[in-house]
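Notes for the structure review
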Amino acid sequence: MIGLISATAAGAAARDRLAAAWPDRTRVYGGPVADAVRTAFGECERLVCFLATGAVVRLVAPLLDDKRTDPGVVCVDEGGRFAVSLVGGHGGGANELARAVGEVLGAEPVVTTATDAVGLAGLDTLGLPVEGDVAGVSRALLDGLPVALRAEVPWPLPPLPVAAAEGSDGFHRSDGAAAGGAYTIRVTDRAVEPAGREVVLRPPSLVVGVGASRGAPVDEVLGLVEEALREAGLSAASVAELATVDAKAGEPGIVGAAERLGVPLVTYPAGELADVEVPNPSDAPLAAVGTASVAEAAALVGSGELLVPKRKSAATPAMATCAVVRRPGRGRLAVVGLGPGARDLVTPRARAELRRASVLVGLDQYVDQVRDLLRPGTRVLESGLGAEEERARTAVEQARLGHAVALIGSGDAGVYAMASPALAEASDDIDVVGVPGVTAALAAGAVLGAPLGHDHVSISLSDLHTPWEVIERRVRAAAEADLVVTFYNPRSRGRHWQLPKALAILAEHREPGTPVGVVRNASRADESSRLSTLAALDPATVDMMTVVTVGNTATREIAGRMVTPRGYRWQGVPAARPSPTPTLAPASAPASASASASASASAFRTSVSGTSESEKPEETL
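Residues numbered from 1 in each chain as written. Predicted model: local features only at pLDDT ≥ 70, side-chain atom pairs only at ≥ 80, totals over all residues. Heavy atoms only, no water.

1. Regarding the overall build of the chain
Test applied: Under the DSSP-based scheme used, a helix requires at least four consecutive residues in state H or I and a strand at least two consecutive residues in state E, with every element numbered from the N terminus. In this scheme, a residue with accessible area under 20% of its type's maximum is buried, one over 50% is exposed, and one in between is partly exposed, where area comes from a 1.4 Å probe on protein chains only. Whether two residues touch is decided by their heavy atoms; if any such pair falls within 4.5 Å, the residues are in contact. Residue exposure ignores everything except the shown protein chains as possible cover, and the areas themselves are Shrake-Rupley values with a 1.4 Å probe.
When you go through the chain residue by residue, the secondary structure sums to 19 helices and 29 strands. A buried classification covers 44% of the 621 residues belonging to the chain. Once local pairs closer than 6 in sequence are excluded, the contacts in the chain between residues at least 24 apart make up 65%. Of the accessible surface of the chain, which amounts to about 30,000 Å², a share of 52% is contributed by carbon and sulfur atoms.

Next comes the structure, spelled out in structure tokens:
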């Protein structure tokens, strides 16, 4: 829960906006400010104080205890200009909260923790249990001192500017630095104590399968699990889940053990467990729940390395069994669309994925566009034009090695870009995330006006990968269906006849005066655009950096803009040159006209920014 505290009317207004935006996450604290801060500090995970930073410092100073457990505190000034991460930037989540508050209120987040200031991922913000000399190793990363990464368990970490890496081959850096730096980041699920100048990260790589007789005590189940981990030299901090058969989903001893370990309990149908090959099957669980193995089979679902075979608790009679499996870290592949080229059209989600990825794969010219958005330590694998399949394979291979990978492309990654070849290579052994982007067709449409206001289709005229016969058949289908057509890859030095041919096909079904929009380098600094017609367009003025949009039979040029009506019955087809100003109906207008105007007006509700009312969505008009 996020506590909200204010002292003035201006602060209360901003407070209420935040409360309205996050109704399930916030609680407003009233009364005397000092009492409100004290109460919220004890009850909430984070606080947002609409007060001066000096006042908040004095109020929270006596309450501070441990940065690992204190709530994060964010201050917002009276003018709503800044959201300052004051206390608990990493451990308390104040840095993240400041950014989120800034998005809601339009305030500038102010984050001063050293790693965030230079774009480094904080070692205590990776979502993994962390032990050891966090401050010392973080300072070494900031100072550029040699830090070695020992990845005993491959795991998809964000980029870290380490001097060398040891472990899986996929974790070696290409900077040629020698291993064995004075500082170390160790990724392991082993029960080891951090050495001096070392940070130990605990990945959630262990799955504990458990079985239990009815009424098995929670202490017996928990004691068996802890003993099995201890004797195998494994850390309980790396246990991701307890797993068992569906029939034991409500067994108090198993449920209680999961709760005390602080991990979820995952259950599987007996039939699914029966299909898992295990080294130690037994007739007893087969007769009881329908599978020859519970503990081993539940741990091995999804594959993995069996570290601790089935073992029984020491009680007489034994009422619990367990087994421990190490599941490999699943690599992560984010296929990211960067938009048409303008920096402000790179989405926040795309930016977040670029900062999360430890490996970036992309066309060299696209890499250059976003290199400044990458965190220090990001490994970049770039190549030139014509190597799409190679880039896709490389990205998938890096993800299979356990990395967090971003594969970038222009526009939307799923539209004539890298998602298709990448997903053709990827299997279900990695996680794949698609990040949408603004397409060239959408960017060009915004420049032209509203040419895509009704049904439309995009067609690439490049026959490098698609036979021309197929392309021509699609153009004819679009022409006959009266669809607005956006042509990608319309013309190059080696492909000069395809665009004239496609336009000729469209001309068989559309008037010579049909509007055609031509946009080159949409959204970029050297953007240019013009309107022409189907008869007048000169294909020689078009190149590979151009998007050509051909209207349908309803598309019109209105006030120098290309517009395709949405097809409302009451709208009709707009005139080519409408009146520049609306005309009010006279008092003697027919009742039907007045009723129509009244109905139109009633479709809207007035709203003011920050209130709960909103305009009725267009789709319902």
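2. Things to note about helix 18 (residues 498-507)
Put simply, the rule is: Directions drawn from the helix axis to the C-beta atoms are what define this arc.
Turning to helix 18, its buried residues are Gln498, Leu499, Ala502, Leu503, Ile505 and Leu506. Buried positions in helix 18, seen along its axis, are confined to an arc of 155° and lie on one side of it. Looking at the buried residues of helix 18, the elements they touch are helix 17 (468-480), strand 24 (484-488) and strand 27 (546-550).

3. Here's the deal with the packing of helix 7 (residues 218-231) against helix 8 (residues 252-261)
The line we're drawing: Fitted lines through C-alpha atoms give the axes, limited to the stretch in contact for helices. The angle between two N-to-C directions lies from 0 to 180 degrees. Angular relationships are summarised with four words: roughly parallel below 35 degrees, roughly antiparallel beyond 145, roughly perpendicular across 65 to 115, and oblique for the angles in between. If you view the pair so one helix is near and one far, a crossing is left-handed when the near helix is turned anticlockwise from the far one by less than a right angle, and right-handed when it is turned clockwise.
Closest axis-to-axis distance for the helix 7/helix 8 pair is 8 Å, and the angle between their directions is 55°. One element, helix 7, and the other, helix 8, form an angle in the oblique class. Helix-helix and strand crossings are classified by hand; for helix 7 and helix 8 the assignment is right-handed. Judged by residue contacts, Val218, Asp219, Val221, Leu222 and Val225 of helix 7 engage Gly253, Ile254, Gly256, Ala257, Arg260 and Leu261 from helix 8.

4. Topic: the packing of aromatic side chains
Spelled out, the test is: Whether two aromatic rings pair depends on their centres lying within 6.5 Å, for rings of Phe, Tyr and Trp, where Trp uses its six-membered ring; planes under 30 degrees apart make the pair stacked, over 60 edge-to-face, and the rest tilted.
Tallied over the full model, the rule gives two aromatic pairs. With centroids separated by 4.7 Å and ring planes inclined at 50°, the aromatic side chains of Tyr416 and Tyr488 adopt a geometry described as tilted. Of this pair, Tyr416 sits in the loop between strand 20 (404-409) and helix 15 (419-425) while Tyr488 sits in strand 24, and the two are 72 residues apart along the sequence. Residue classification places Tyr416 among the partly exposed residues on the basis of a relative accessible area of 44%. Of the residues examined, Tyr488 reaches a relative accessible area of 12% and is grouped as buried. Consider the rings of Trp468 and Trp497, whose centres lie 5.1 Å apart with planes at 70°: the pair is edge-to-face. Remark: Trp497 occurs in the loop between strand 24 and helix 18 and Trp468 occurs in helix 17; sequence separation between them is 29 residues.

5. Brief notes about the pairing of strand 20
Here is the key point about a regular strand: its side chains alternate between the two faces of the sheet. The criterion, for reference: Two strands pair under a simple rule: DSSP has to find at least two bridges between them.
Counting buried positions over the six residues of strand 20 gives six, a clear majority of the element. Of the two faces of strand 20, the one holding Ala404, Ala406 and Ile408 and the one holding Val405, Leu407 and Gly409 are both buried throughout. Where strand 17 (residues 332-337) lies against strand 20, six bridges are found, and the strand directions are parallel. What sits directly across from Val335, in strand 20, is Leu407. Pairing geometry for strand 18 (residues 359-363) and strand 20, over three bridges, is parallel. When the bridges of strand 20 are listed, Val359 appears paired with Val405.

6. As for the sheet that holds strand 23 (residues 456-460)
Strand order in the open sheet made by the five strands is 23-24-27-25-26, with mixed pairing throughout. Either end of the sheet is taken by a strand with one partner, and the two such strands are strand 23 and strand 26 (528-533). Between one strand and the next, the sheet's axes are offset by a mean angle of 20°, whatever the strand orientation. In the sheet, strand 23 pairs with strand 24 via five bridges, with the strands oriented parallel. Looking at strand 24, one finds that Val457 is bridged to Val485. Each of strand 23 and strand 24 touches helix 17; the most contacted strand, strand 23, lies at about 160° to it. In this fold helix 18 packs onto strand 24 and strand 27, with an angle of close to 175° to the strand it touches most, strand 24.

7. Notes on the pattern of salt bridges
Note the threshold: Salt bridges are counted wherever a side-chain nitrogen of Lys or Arg sits within 4 Å of a carboxyl oxygen of Asp or Glu.
In this structure the tally under the stated criterion is 22 salt bridges. The residue Arg371 makes a salt bridge to Asp368 at a minimum N-O spacing of 2.9 Å. Asp429 is paired through a salt bridge with Arg400; the nearest N and O atoms lie 3.3 Å apart. Note that Asp429 is positioned in the loop between helix 15 and strand 21 (431-435) and Arg400 in helix 14 (residues 388-400), a separation of 29 residues in sequence.

8. Digging into the environment of Leu149
Structurally, Leu149 is set in strand 8 (residues 147-151). Residue class for Leu149 comes out buried when judged on its relative accessible area of 2%. Put simply, Leu149 and Glu198 are 49 residues apart on the chain and 9.9 Å apart in space, counted from C-alpha to C-alpha.

9. Points about helix 12 (residues 348-356)
What helix 12 keeps buried is the set Ala350, Glu353 and Leu354. Take helix 12 and look down its axis: the buried residues cluster within an arc of 100°, on one side only. Facing away from the buried side of helix 12, by more than 90 degrees, are the exposed residues Pro348 and Arg349. At its buried positions, helix 12 is contacted by strand 17, strand 18, helix 13 (364-370), strand 20 and strand 21.

10. A few points about the nonpolar core
Convention followed: We call a set of buried residues a nonpolar core when its members are Ala, Val, Leu, Ile, Met, Phe, Trp, Tyr or Cys and they connect through side-chain atoms within 4.5 Å of each other.
Counting 22 residues, the largest nonpolar core has Val208, Val210, Leu229, Val239, Leu242, Cys322 and Val324 as its most contacted members. Mapped onto this core, the elements with two or more residues apiece are strand 12 (206-212), helix 7, strand 13 (239-245), helix 8 and strand 16 (320-326). The dominant element in this core, judged by the number of residues it contributes, is helix 7, at six residues. Contact partners of Val239, with chain neighbours within four places excluded, come to Leu206, Val208, Leu229 and Val263. Counting 21 residues, the second largest nonpolar core, distinct from the first, contains Leu461, Trp468, Phe487 and Ile505.

11. A look at the confidence of the model for the chain
To be explicit about the condition: Known as pLDDT, the predictor's per-residue confidence is scaled from 0 to 100.
Confidence along the chain averages 85 in pLDDT terms, with 87% of residues attaining 70 or more. Taken as a whole, residues 168-180 scores under 50 in pLDDT and shows 34 contacts with residues more than four places along the chain or in a different chain. When the criterion is pLDDT under 50, residues 573-597 qualifies, and its contacts beyond four places in sequence or with other chains add up to ten contacts.

12. Concerning the side chain of Thr26
Heads up, the condition is: Pairs of N or O atoms within 3.5 Å make up the polar contacts considered here, provided that, within protein, one atom can donate a hydrogen while the other can accept it, and that residues adjacent in sequence are counted only when both atoms are side-chain atoms.
Locating Thr26 in the fold gives a position in strand 2 (residues 26-29). Taking relative accessible area as the criterion, Thr26 reaches 12% and is therefore assigned buried. Of the polar contacts made by the side chain of Thr26, one reaches the backbone oxygen of Trp22; its length is 2.8 Å.

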